[in-house]
Amino acid sequence: MAARIPVTETTCPYCGVGCGVAVQGAGEAVAGLESHPANRGRLCVKGAALHDTLDLRHRLLYPEVDGARVGWDTALDAVTRRLRDTLARYGPDSVACYGSGQLLTEDYYVANKLMKGFIGSAHMDTNSRLCMASAVAGYKRAFGGDSVPGCYEDLDQADLLVLAGSNAAWTHPVLYQRMVAARKARPDVRVVVIDPRRTATCDLADLHLALRPGADGLLFNGLLAWLARHGHLDRDYIRDHTRGFQDALARAEADSGSLADLARRCDLREADIERFFHWFAERPRTVTFYSQGINQSATGTDKCNAIINCHLATGRVGKPGASPFSITGQPNAMGGREVGGLANQLAAHMDFAADDVDRVQRFWNAPNMASEPGLKAVDLFQAVADGRIRFIWILSTNPLVSLPEADRVREALRRCPTVVVSDCMGDTDTVRMADIKLPACTWGEKNGTVTNSERCISRQRPFLEAPGEARPDWWALAGVGRRLGYAEAFGWRHPAQVFAEHAALSGFENDGRRAFDISGLAALDQAGYDALTPVRWPVNRHWPRGRRRLFDDGRFHTDDGRARFVPITAALPDDPPGAGELIMNTGRIRDQWHTMTRTGKSPRLLQHIGEPFVALHPRDARRHRIEDGQLAHVENRLGAIIVRARITTDQRPGELFVPMHWSSPFSARARLGALVPAITDPLSGQPQSKFARVRVTPCAVRWQGFLITRVRRGDPDCLYWSYSPLPGGHLFELAGDDEPDRARRRLATLIGEAGQGEAPQWLDLQDPTAGHFRRVAVRDGRLIGALFIHPAGALPERDWLGGLLQRDRLEDDERRALLGGEAPDGGAGDGPVVCTCFQVGERAIRARIDAGDRSVEALGRSLRCGTNCGSCLPELKQLLDG
Ligand code: SF4
């Protein structure tokens, strides 16, 4: 009888949905975990491709100090020595730590304790500052604590779903599919999408409000005033459970004016606004689901409170199917909030009030408690730039790509005397800047907990041995804590012990004043920790099995138990574009995650969109003389990128969209953080990543081409390149402004394979006068690589040639066809991949539509597309709609 393959129950390391994942063996296969409340067995395409990303390519496997490989003891001694020296000469404010929503809660807890309790610096911030800091500040102002009231079941139960600044179909696909299912089950459900762009999420919308960028707060102020004017308030709820309504209403009325004024300022049709308002009034079960389009703004906190005001005014908080619901970008952004990963938090939902500082100091028995909030991410890196911070430890994040004014961040790190980077990858933009590199465990090797967007704590469990000398981040941080002389405070031997301490702190002198209380888990031993099943906090003596919704009793975590209305005057971005400028919006694409360090390893995840791009409206394209598929410069006073143009009416005129993902290992010049100004929300410190003034111009090139190769020998030396992994090799899209012949000679040296062998046989097709070159390398009957260059970009598709890298021997007719770049039978490939799960291309789908398939279900029956994760359903519908 065949041995049963063990299954590890863990969670997906990507987005804030926090799906449960069942992993077979050592990662041979992954599937959605049926028992996990977040996903009930579903995974999106990124989660379904997790096992493609487990190889050790580009991993950081050994500690390094100043470029030399060392052992862990030497590395941690070096960290400690430089830390001590910095503290001795410049004091605790010269030391900073920058973490990540990718860290597990245990890692975060130890980093925060080390920094704020023992080093004495509160400059401990996180990339979650870029993601949900405004949502946190909004909740704290309204509810007296950073508490998400609702849960995912509310998405199933709502009669109205308002998605504000969220492209959930691509960024939180499993929740989007949940909304699709809810809508299918109850056709009366209405869906409103508020977003300047027409995104894949609009496929579900009954109403798409493509408003002026930044006008969301104004729209919700208008909603509050309209609800009051038309008698749709819950006056009992306002009276019994809130404060500040009249001030907030007066401000909203003054701000929003008449419906006609509101429509003009939001750049929407009056009738559409009214329709939205009527639906909101008529449907008590309303969830407003909001994300980066709201948070990433200079007025993000106000926008959050404008939304929450409308929910408070109608009594729709913490009730089944009725809540404001911020959704986090990262898998453990919420866990970071719980431990105090943000510089303005202390720990366990305590801030820097004197009694909180005293309480945490006593609990930790900490000798050097920070007593003031530290610097938030953008200010923190500014302090690195101007020399106030001289030692920084960066964990699991890539600020050289993700932070605003990324080129300045690079310069800041270049000047910083000590940069320590803990990462699982060895070649990120940020790791390249490190003086001390510490190899971290990654997904599959880590052991700990995460908390998703609905407050659900889940275990992330290991199923692989840590490779090389990779170690957990909490272990490295604790090692430095012990070397500093705090053996007892950092003496844990297992993450279960760290978690137990974190849980105990959450309940310490809590008395129900702080919503975050998981003291019910403080007694877990290692076996209990290993067996922990998903649970939504709080978990304490009142809620031993966790609590589905908060505030359903109308009691909040303010001094008097009442929620607060916050008066808002909604400000539109005060940096409007000048002549010839456009507004650049940024965000994610369907199949990639953050700076691609993990998803960029999976060939199939780069088949949907394989190059960095700028989306712009046809009118702007004409005005700026840019054609679809052409390369374009996008630039401003801060920097410049080169990306491929996509012309689409999904964009409003005057506005661009550029995805956030591409970093130096994946493209020559596409780090869009370099163009985003460091403008932040004054309350939350969250950068305004959705609004940058830029110019767009055509990029003049003399040739375009592509290169495929079995091994990656280096990065191409040319004006533009973009990289994608292939099964069995690598693909570079290329373009240059130099002589094609010179480019050919230079770039052909990048073709190669591992190991030695006889020299490859080169097949060439050249027309130097026309600047048209094709060069193919074959060895022992196998394709080694190919370089195709053409002045006008007339090139074959890459599928067939790229696919030959997986073959050990070419047939004679294939060999003859190599320089043509097309299969001997002349058959066209499937075209750009639409369904990543089943590798179904656009051409194949169009063929089925031509053959009579009239629905996504019919396409699914014919080709299986759209029948697994569902991420491609909006695109299938678009193809069906013609
Ligand atoms: S929706 Fe996708 S990326 Fe997000 S947690 Fe689930 S599987 Fe992972």
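Please read all numbers here as calculations on a predicted model, not as lab measurements. (Residues numbered from 1 in each chain as written. Predicted model: local features only at pLDDT ≥ 70, side-chain atom pairs only at ≥ 80, totals over all residues. Heavy atoms only, no water.)

Novice: In this structure, what is going on with the overall build of the protein? I would like to understand it.
Specialist: In terms of helices and strands, the protein carries 29 helices and 34 strands. Oriented by its inertia axes, the alpha-carbon framework of the protein measures out at about 80 × 65 × 65 Å. When burial is assessed residue by residue, the protein has 63% of its 882 residues classed as buried. On the protein, roughly 31,300 Å² of surface is accessible, and the fraction owed to carbon and sulfur atoms is 46%. Counting 111 positive and 108 negative side-chain charges, the protein places the averaged centre of each group 1 Å from the other. (Helix = DSSP H or I, 4+ residues; strand = E, 2+ residues; numbered from the N terminus. Buried < 20%, exposed > 50% of the residue type's maximum accessible area, 1.4 Å probe, protein only. Areas by Shrake-Rupley, 256 points an atom, 1.4 Å probe, with all protein chains shown as cover. Lys, Arg positive; Asp, Glu negative; His and termini not counted. Charge placed at Lys NZ, Arg CZ, Asp CG, Glu CD.)

Novice: Would you mind going over the packing of helix 27 (residues 842-850) against helix 28 (residues 856-863) with me for this structure?
Specialist: Two quantities define a packed helix pair, namely the angle between the axes and the distance from one axis to the other. It is at 10 Å that the axes of helix 27 and helix 28 come closest, and there the two elements cross at 115°. As the angle between them shows, helix 27 and helix 28 are arranged roughly perpendicular. Where helix 27 crosses over helix 28, the handedness of that crossing is right-handed. For the pair helix 27 and helix 28, contact is made by Ala844, Ile845, Arg848 and Ile849 and by Leu859, Ser862 and Leu863, respectively. (Axes fitted to C-alpha atoms, helices over the stretch in contact; angles between N-to-C directions. Parallel < 35°, antiparallel > 145°, perpendicular 65-115°, else oblique. Left-handed = near helix turned anticlockwise from the far one by under 90°. Contact = heavy atoms within 4.5 Å.)

Novice: How do you make sense of the sheet that holds strand 5 (residues 68-69) when you look at a structure like this?
Specialist: Pairing between the strands of a sheet is mediated by backbone hydrogen bonds and can be parallel or antiparallel. Spatially, seven strands are ordered 5-4-16-15-14-6-7 in an open sheet, and the strand pairing comes out mixed. Taken across any chain shown, the strands that pair with only one partner, and hence form the sheet edges, are strand 5 and strand 7 (124-126). Here strand 4 (residues 64-65) runs beside strand 5; their pairing, made up of two bridges, is antiparallel. The residue bridging glutamate 64 from the neighbouring strand is arginine 69, located in strand 5. Here helix 3 (residues 105-119) sits on the sheet in contact with strand 6 (95-99) and strand 7, set at roughly 150° to strand 7. Across the sheet, helix 20 (residues 473-483) lies against strand 14 (391-395) and strand 15 (418-423), angled at about 155° from strand 14, the strand it touches most. (Pairing = 2+ DSSP bridges.)

Novice: So what exactly am I meant to see when it comes to the pattern of salt bridges here?
Specialist: Any two side chains of opposite charge can pair, given that their charged atoms come close. Here the structure, examined in full by the defined rule, presents 65 salt bridges. Of the charged contacts, one joins arginine 337 and aspartate 146 as a salt bridge, the two residues approaching to 2.7 Å between their closest N and O atoms. One end of the pair, arginine 337, is in helix 15 (residues 333-339); the other, aspartate 146, is in the loop between helix 4 (133-143) and helix 5 (153-157), with 191 residues separating them in the sequence. Assessed through its relative accessible area of 3%, aspartate 146 is described here as buried. Ionic contacts of the salt-bridge type, sharing partners, join the residues Asp356, Asp358, Arg359, Arg362 and Glu509 into one network. (Salt bridge = Lys/Arg side-chain N within 4 Å of Asp/Glu carboxyl O.)

Novice: Explain the side chain of arginine 744 to me, please; I cannot follow it from the model alone.
Specialist: In this fold, arginine 744 is placed in helix 24 (residues 740-747). Setting aside its immediate chain neighbours within four residues, arginine 744 contacts Gln766, Phe773, Leu787 and Ile789.

Novice: Looking at this structure, I do not really get the state of the cysteines. What am I missing?
Specialist: Formally, a disulfide is one covalent bond, and it connects the sulfur atom of one cysteine to the sulfur atom of another. All told, the structure shown has zero disulfides when counted by the stated rule. Of all cysteine sulfurs, the one in cysteine 424 lies closest to cysteine 441, which takes part in no disulfide; the gap is 9.4 Å. Residue classification places cysteine 441 among the buried residues on the basis of a relative accessible area of 5%. (Disulfide = S-S within 2.5 Å.)

Novice: Is there a simple way to think about the domain arrangement of the protein in this case?
Specialist: Taken domain by domain, the protein consists of domain 1 (7-53), domain 2 (64-129 + 332-489), domain 3 (133-326), domain 4 (582-698), domain 5 (703-820) and domain 6 (833-881). Between domain 2 and domain 4, the C-alpha centre-to-centre distance is 29 Å. Contacts between the two partners involve 21 residues from domain 2 and, on the opposite side, 25 residues from domain 4. Carbon and sulfur atoms supply 51% of the area that domain 2 and domain 4 bury against each other, a total of about 1,900 Å² over both sides. Looking only at domain 2, the three residues that lose the most surface to domain 4 are Arg129, Val401 and Glu405, adding up to 27% of its buried area. Residues arginine 671 and aspartate 429 are paired through a salt bridge, measuring 3.9 Å at the closest nitrogen-oxygen approach. At the junction of domain 2 with domain 4, the criterion picks out nine residue pairs in polar contact (both at pLDDT 80 or more). Counting residues per element, the ones that place at least two in the side of domain 2 that touches domain 4 are helix 18 (399-402) and helix 19 (406-415). Sort the elements by how many residues they give to the side of domain 2 that touches domain 4 and helix 19 lands first, with four residues. Of the residues belonging to the side of domain 2 that touches domain 4, the class tally is eight nonpolar, four polar and nine charged. (Domains from an automatic or database assignment. Buried area = accessible area lost by both parts, 1.4 Å probe. Polar contact = N/O pair within 3.5 Å; in protein donor to acceptor, adjacent residues only side chain to side chain. Nonpolar A, V, L, I, M, F, W, Y, C, P; charged D, E, K, R; others polar.)

Novice: In this structure, what is going on with the sheet that holds strand 3 (residues 29-32)? I would like to understand it.
Specialist: Pairing is antiparallel across the open sheet formed by three strands, whose spatial order is 1-2-3. Because the sheet does not close on itself, it has two edges, and the strands there are strand 1 (7-11) and strand 3. The average angle at which neighbouring strand axes cross in this sheet is 30°, direction not considered. Note: strand 2 (residues 20-24) against strand 3, four bridges, orientation antiparallel. Opposite glutamine 24, over in strand 3, you have alanine 29 as the bridge partner.

Novice: What should I look at first to understand a negative patch on the surface in this one?
Specialist: Residues Glu811, Asp812, Asp813 and Asp825 make up a contiguous surface patch of negative charge. Assignment of secondary structure puts aspartate 812 in helix 26 (residues 812-817). (Patch = residues over 30% accessible without salt bridge, like charges linked within 9 Å, V, L, I, M, F, W, Y side chains within 5 Å.)

Novice: Explain the site of the ligand to me, please; I cannot follow it from the model alone.
Specialist: Neighbouring the ligand are Cys12, Tyr14, Cys15, Val17, Gly18, Cys19, Leu43, Cys44, Lys46, Gly47, Pro173 and Val174. Counting residues per element, the ones that place at least two in the shell around the ligand are helix 1 (45-48) and helix 7 (173-185). Its residues placed into classes, the shell around the ligand shows nine nonpolar, two polar and one charged. (Near = heavy atom within 4 Å.)

Novice: Would you mind showing me how to read the environment of proline 740 here?
Specialist: Tracing the chain through its elements places proline 740 in helix 24. Owing to a relative accessible area of 9%, proline 740 belongs among the buried residues under this scheme. Separated by 32 residues in sequence, proline 740 and histidine 772 place their C-alpha atoms 7.6 Å apart.

Novice: Is there a simple way to explain the packing of aromatic side chains in this structure?
Specialist: For any pair of aromatic rings, geometry is given as the distance between the ring centres together with the angle between the planes. Per the counting criterion, the structure on display carries 28 aromatic pairs. When the centroid spacing of 5.7 Å and the interplanar angle of 25° are considered together, the rings of tyrosine 139 and phenylalanine 143 count as stacked. Taken together, the residues tyrosine 139 and phenylalanine 143, both in helix 4 and four residues apart, mark about one turn of the helix. Taken as a pair, tyrosine 139 and phenylalanine 143 share a single burial class, namely buried. (Phe/Tyr/Trp six-rings, centres within 6.5 Å; stacked < 30°, edge-to-face > 60°.)

Novice: Looking at this structure, how should I read the pairing of strand 15?
Specialist: Each regular strand displays side chains that alternate between the two surfaces of the sheet. Burial of strand 15 is extensive: six of the six residues sit out of reach of the surface. Of the two faces of strand 15, both are covered, the one formed by Thr418, Val420 and Ser422 as well as the one formed by Val419, Val421 and Asp423. In terms of strand pairing, strand 15 meets strand 16 (residues 436-439) through four bridges, oriented parallel. Looking at strand 16, one finds that aspartate 423 is bridged to proline 439.

Novice: How should I be thinking about the nonpolar core in this particular structure?
Specialist: It is characteristic of soluble globular proteins that their nonpolar side chains tend to be buried jointly. Counting residues in each nonpolar core, the largest one holds 211 residues, and the members touching the most others are Phe143, Ile194, Leu219, Phe220, Phe276, Trp393 and Val634. Residues in contact with isoleucine 194, not counting those within four places in the same chain, are Val162, Leu163, Ala164, Gly165, Leu209, Leu211, Asp216, Leu219, Phe220 and Phe276. Judged by nonpolar contacts, the second largest core, of 23 residues, contains Leu403, Val409, Met433 and Ala434. (Core = buried A, V, L, I, M, F, W, Y, C linked by side-chain atoms within 4.5 Å.)

Novice: Looking at this structure, I do not really get the pairing of strand 12 (residues 286-290). What am I missing?
Specialist: Burial within strand 12 is extensive, with five of its five residues counted as buried. Side-chain alternation along strand 12 places Thr286, Thr288 and Tyr290 on one buried face and Val287 and Phe289 on a second face that is also buried. The sheet contact formed by strand 8 (residues 160-164) and strand 12 spans five bridges and is parallel. Across the sheet, the residue bridging to leucine 163 is phenylalanine 289, located in strand 12. Alignment of strand 12 against strand 13 (residues 323-326), held across four bridges, turns out to be parallel. Its bridge partner lying in strand 13, phenylalanine 289 is registered against phenylalanine 325.

Novice: I tried to follow the packing of helix 4 against helix 14 (residues 300-313) on my own but got confused; where do I start?
Specialist: Where helix 4 contacts helix 14, the axes come no closer than 8 Å and their chain directions differ by 45°. Relative to helix 14, the element helix 4 lies oblique. The two elements helix 4 and helix 14 meet at a crossing, and its hand is right-handed. Touching Ser134, Ala135, Ala137, Gly138, Tyr139, Arg141, Ala142 and Phe143 of helix 4 are Gly300, Thr301, Asp302, Cys304, Asn305, Ile308 and Leu312, all from helix 14. Class assignment for the residues of the contact of helix 4 with helix 14 results in eight nonpolar, five polar and two charged.

Novice: It is not clear to me how the side chain of glutamate 153 should be interpreted in this structure. Could you clarify?
Specialist: Here glutamate 153 shows up in helix 5. Given the relative accessible area of 14%, glutamate 153 is considered buried. In contact with glutamate 153, not counting residues within four places along its chain, are Arg178, Glu454, Arg536, Arg548 and Arg549.

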